[in-house]
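An overview of the molecular structure
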Amino acid sequence: GIPLKGSLEVQVHERASAGVCVDALWLADVTKPRRLKTHLNQTEYLLLSKGRARMQHARTWRFSLFSRVHLPLEGLWASLSYHFAKTGDHTLIPEDNDFTSPVVNSAESIKESSSHDILFRLHFNRTQENTFTAPGVSFFMKFPVGGCRSVRNVTFGGECMFAF
């Protein structure tokens, strides 16, 4: 695949910044044996027939708006961001005569999907002089606000990191 990313962050105050980030992903076509639909009314949960098909992947686009505030405790900052992601319709091209293109491409799993999320992150990174590492810890919570054909759950988590 070919990833492409661009971002811009503007310092709006000595302790606050805002920005935008846009990225895209182009994936190469892949031909391999796949489980394919044989009838329009067939469910995707039970695909018994296998055949070779080429997948033409759609582009994936992501767009983020974010704001970041450095809090009074040194190394502590919080951010609030909006994320939009969209993947277009994938296309399957069957290479076996047992399958027809309209039936194979009627699968819901290859249709366009999108998501809209709000993300809150609290990050602490205490950098000290004369040390080889910069430890950090981060906690986040993601709230879905829309989209189609995507998992829309409230998600929370954290991470620990050591930068050398």
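The paragraphs below set out a description of the structure included in this document. Source: prediction; values computed, not measured.

Reading guide: rules and limits
Residues numbered from 1 in each chain as written. Predicted model: local features only at pLDDT ≥ 70, side-chain atom pairs only at ≥ 80, totals over all residues. Heavy atoms only, no water. Helix = DSSP H or I, 4+ residues; strand = E, 2+ residues; numbered from the N terminus. Salt bridge = Lys/Arg side-chain N within 4 Å of Asp/Glu carboxyl O. Buried < 20%, exposed > 50% of the residue type's maximum accessible area, 1.4 Å probe, protein only.

**Regarding the environment of Leu-46**
If you trace the backbone, Leu-46 turns up in the loop between β3 (30-35) and β4 (50-56). Measuring from C-alpha to C-alpha, the distance between Leu-46 and Val-69 comes to 49 Å, with 23 residues separating the pair along the chain.

**Here's the deal with the pattern of salt bridges**
Taken as a whole and judged by the stated rule, the model has 7 salt bridges. Arg-68 is the partner of Glu-9 in a salt bridge, and the nearest nitrogen-oxygen pair spans 3.4 Å. With Glu-9 in strand β1 (residues 2-13) and Arg-68 in strand β5 (residues 60-70), this residue pair connects regions lying 59 residues apart in the sequence. Since its relative accessible area comes to 23%, Arg-68 is described here as partly exposed. Measuring nitrogen to oxygen at the nearest pair gives 3.3 Å for the salt bridge that ties Glu-108 to Lys-111. By relative accessible area, which is 41% here, Glu-108 ends up partly exposed. Here Lys-111 falls in the partly exposed class, since its relative accessible area comes to 29%.

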